[in-house]
Amino acid sequence: MALTEQEILEGLGEIVDEVAGVPADQVTPDKTFVDDLDIDSLSMVEIAVAAQDKFGVEIPDDQLKDLKTVQDVIDYVRRAEVSA
Amino acid sequence: MRLTDGQAGARVLAFGGYQPARVVTNDELSQTVDTNDEWIRSRVGIESRRIAGPDESVADMAVQAGGKALAASGLSTSDVDLVIVATCTPEVQIPNTAATVAKRLGIVAPGAYDMNAACAGFCYALANAADAVRTGTAKNVLVIGAEKLSQWIDWTDRSTCIIFADGAGAAVVSPVADPGDAPGVGPVYWGSDGGLADKIFIKDRDSFIFQEGQAVFRWATSALAPIALKACEKAGVEPTELAAFIPHQANLRIVEAIARKIGAPQAVVAQDIVNAGNTSSASIPLALSRMIERGEIASGSKALLLGFGAGMCYAAQVITVP
């Protein structure tokens, strides 16, 4: 069964906390990774790797650079789940 | 036909390391390429690295590290009958580095070969050495990882010149003291992925080292933790028993990411890259020799080694710290 937006958001919060040490409650849909959460491109790769483990959705490097906000990742995961 | 008598197991008797004298700081690099200290520290975790002098060869560094390991082992040169040099930056194609290094150390007529598994080279060579001891092919083996990456660096390429450096590290591998003793070098878990051969390479003898950093980072942070854990499983050692984790010093961010995943809360994690840079096959024995010198890991404790690099060659094994 596909994950809800809320479930993906919570999962992402855990990932961002683990990878970058940003508290999960700061990971809200409108936040940008780079400017708001101070996450660099290498941490984004780690987040993509962890997201693949957690959600079973691969985010290749060329797609990753277009995912600016938390909501962008949520949408990407949901779209990938639908098409899977 | 007869076979040689084997040994119950192999162990590492001693490590030795060598770094060239010249220190190159991030500030120095930022004078010639568009980078800065803060960026380098945050992205790769390096504060300074060592670069060999123009006349200092891979063999010179290998002799230094090998000599230190031999001296620390208490063996004499006549005890050593095999010398393996792991390097991907030999000065010349023939003769190999190992025979020259052996001669200069005073080791008479040992088996001698170079091997190239890039940054995984030391762990591959250690596995070869342990197997040679266990089967009786060799009595005592000098294993050296030595690199002069500076001669393959484009000093205007800020994606590589901030990372790679020079150095050497060595280990003496011998049989366990008593056949009843537990082995000191665990079984290797190794492999490769040639499908990713285009991610790190030196095209030809007139080219510089190229690395697709983000792709390598993704591979390293996703593929390697399970590989490290397989080596623990093969050795029958729980990650919680590890006193040290010494992954190849590729990038501090990779080191930290793998360390987070393997679940070894007691393990000291090697961070030698901070002042050594990425020295390819030298990084693991160099880091280990310095950690032992500083008293960071106790003799008899378990350490997990993990080599990985170009060709996406990888190898991991648990050892008992000498």
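Colleague: Explain the overall build of chain B to me, please; I cannot follow it from the model alone.
Modeller: Summing up its helical and strand segments, chain B has nine helices and 14 strands in all. Projected onto its principal axes, the C-alpha positions of chain B cover 60 × 45 × 40 Å. For chain B, with 322 residues in total, the buried portion stands at 55%.

Colleague: Is there a simple way to think about the domain arrangement of chain B in this case?
Modeller: The parts lose accessible area when they come together, and the size of an interface is often stated as this lost area. Residues and elements named next belong to chain B. Segmenting chain B into domains produces domain 1 (10-175) and domain 2 (189-320). Taking only C-alpha atoms into account, the centre of domain 1 sits 15 Å from that of domain 2. At the interface, 45 residues of domain 1 touch 41 residues of domain 2. Sorting the residues of the side of domain 1 that touches domain 2 by element identifies strand 1 (10-18), strand 3 (48-51), helix 5 (121-135), strand 6 (141-148) and strand 7 (166-175) as the ones contributing at least two each. Classifying every residue of the side of domain 1 that touches domain 2 gives 25 nonpolar, 12 polar and eight charged.

Colleague: Is there a simple way to think about the sheet that holds strand 13 (residues 302-309) of chain B in this case?
Modeller: Each strand in a sheet pairs with another by means of backbone hydrogen bonds, the pair being arranged parallel or else antiparallel. All names here are of chain B. Taken in spatial order, the five strands of this open sheet run 8-14-13-11-12, and their pairing is mixed. One side of each edge strand has no neighbouring strand; the edge strands of this open sheet are strand 8 (189-191) and strand 12 (268-269). As judged from the eight bridges shared by strand 13 and strand 14 (residues 313-320), these two strands associate in the antiparallel manner. Looking across to strand 14, one finds that G309 is bridged to C313.

Colleague: Where do I start with the interface of chain A and chain B in this structure?
Modeller: Contacts between the two partners involve six residues from chain A and, on the opposite side, nine residues from chain B. Residue contributions to the side of chain A that touches chain B peak at five residues, all from helix 2 (residues 41-55) of chain A. Classifying every residue of the side of chain A that touches chain B gives three nonpolar, one polar and two charged.

Colleague: How should I be thinking about the sheet that holds strand 1 of chain B in this particular structure?
Modeller: Residues and elements named next belong to chain B. One open sheet holds the five strands; their spatial order is 1-7-6-4-5, and the pairing between them is mixed. Sheet topology places strand 1 and strand 5 (111-115) at the edges, where each strand pairs with a single neighbour. Taken over all neighbouring pairs, the strand axes of this sheet differ in orientation by 15° on average, direction set aside. Relative to strand 7, strand 1 is paired through eight bridges, and the arrangement is antiparallel. For F15, the partnering residue across the bridge sits in strand 7 and is A171. Contacts from helix 3 (residues 58-73) reach strand 1, strand 4 (82-86), strand 6 and strand 7, with the element oriented near 130° to strand 1.

Colleague: Honestly, unusual backbone geometry in this entry has me stumped. Any pointers?
Modeller: With the exception of glycine, the majority of residues adopt a negative phi angle, and the majority of peptide bonds are in the trans configuration. Residue and element names in this part refer to chain B. The omega angle of the peptide bond from I94 to P95 is 0°, so this bond is cis rather than trans. Of note, A118 is a non-glycine position whose phi angle comes to about 50°, a positive value. You can see A118 is positioned in the loop between strand 5 and helix 5. Residue A118 is classed as buried on the basis of its C-beta count, with 26 C-beta atoms lying within 10 Å. Despite not being glycine, S280 shows a phi value in the positive range, around 50°. The topology assignment puts S280 in the loop between helix 8 (273-276) and helix 9 (283-293). Residue S280 is classed as buried on the basis of its C-beta count, with 33 C-beta atoms lying within 10 Å.

Colleague: Would you mind showing me how to read helix 6 (residues 213-235) of chain B here?
Modeller: The periodicity of an α-helix, 3.6 residues per turn, causes residues three or four positions apart to be oriented the same way. All names here are of chain B. Along its 23 residues, helix 6 runs 32 Å from first to last C-alpha, staying within 8% of the 33 Å computed at 1.5 Å per residue. Where helix 6 bends most, at L224, the angle is about 40°, and the proline P226 comes one to four residues later. One or two steps after helix 6, the chain reaches G236, where phi turns positive at roughly 70°.

Colleague: I would appreciate a short explanation of the environment of G6(B) in the present structure.
Modeller: Residue and element names in this part refer to chain B. With respect to the helices and strands, the residue G6 is situated in the segment before strand 1. Classification of G6 as partly exposed rests on a count of 13 C-beta atoms within 10 Å. Taking the C-alpha atoms as reference points, G6 and Y189, separated by 183 residues in sequence, lie 21 Å from one another. Residues contacting G6, with those up to four places away along its chain left out, are R134, T135 and G136.

Colleague: What exactly am I supposed to notice about the confidence of the model for chain B here?
Modeller: Of the residues in chain B, 100% have a pLDDT of 70 or more, and the chain-wide mean is 97. The ipTM, which scores confidence in the relative placement of chains, is 0.89 for this predicted complex, and the corresponding pTM is 0.95.

Colleague: Which parts of the structure should I look at to understand the packing of helix 6 of chain B against helix 7 (residues 252-262) of chain B?
Modeller: Pairs of packed helices are described in terms of their axes, by the angle between the two and the distance that separates them. Residues and elements named next belong to chain B. Contact geometry of helix 6 with helix 7 gives a least axis separation of 9 Å together with a crossing angle of 40°. The interaxial crossing formed by helix 6 with helix 7 has right-handed handedness. Residues F217, A220, T221, L224, A225, A228 and L229 of helix 6 form the contact with helix 7, whose participating residues are I254, A257, I258, K261 and I262. Tallied by class, the residues present in the contact of helix 6 with helix 7 amount to 10 nonpolar, one polar and one charged.

Colleague: Looking at this structure, I do not really get the packing of helix 1 (residues 5-20) of chain A against helix 4 (residues 70-83) of chain A. What am I missing?
Modeller: Residues and elements named next belong to chain A. Where helix 1 contacts helix 4, the two axes come as close as 10 Å, and the packing angle between them is 120°. Between helix 1 and helix 4, the angle is such that the two are oblique. Where helix 1 crosses over helix 4, the two elements pack in a sense that is right-handed. Where helix 1 abuts helix 4, its residues E5, I8, L9 and L12 lie against V70, V73, I74, V77 and R78. In terms of residue class, the contact of helix 1 with helix 4 is built from seven nonpolar, no polar and two charged.

Parameters at a glance
- Residues numbered from 1 in each chain as written.
- Chains lettered and ligands numbered in written order.
- Predicted model: local features only at pLDDT ≥ 70, side-chain atom pairs only at ≥ 80, totals over all residues.
- Helix = DSSP H or I, 4+ residues; strand = E, 2+ residues; numbered from the N terminus.
- Buried ≥ 20, exposed ≤ 12 C-beta atoms within 10 Å, placed from the backbone.
- Domains from an automatic or database assignment.
- Contact = placed C-beta atoms within 7 Å.
- Nonpolar A, V, L, I, M, F, W, Y, C, P; charged D, E, K, R; others polar.
- Pairing = 2+ DSSP bridges.
- Axes fitted to C-alpha atoms, helices over the stretch in contact; angles between N-to-C directions.
- Expected span 1.5 Å × (residues − 1).
- Bend = angle between axes of the 7 residues up to and from the residue.
- pLDDT = per-residue confidence, 0-100.
- Left-handed = near helix turned anticlockwise from the far one by under 90°.
- Parallel < 35°, antiparallel > 145°, perpendicular 65-115°, else oblique.

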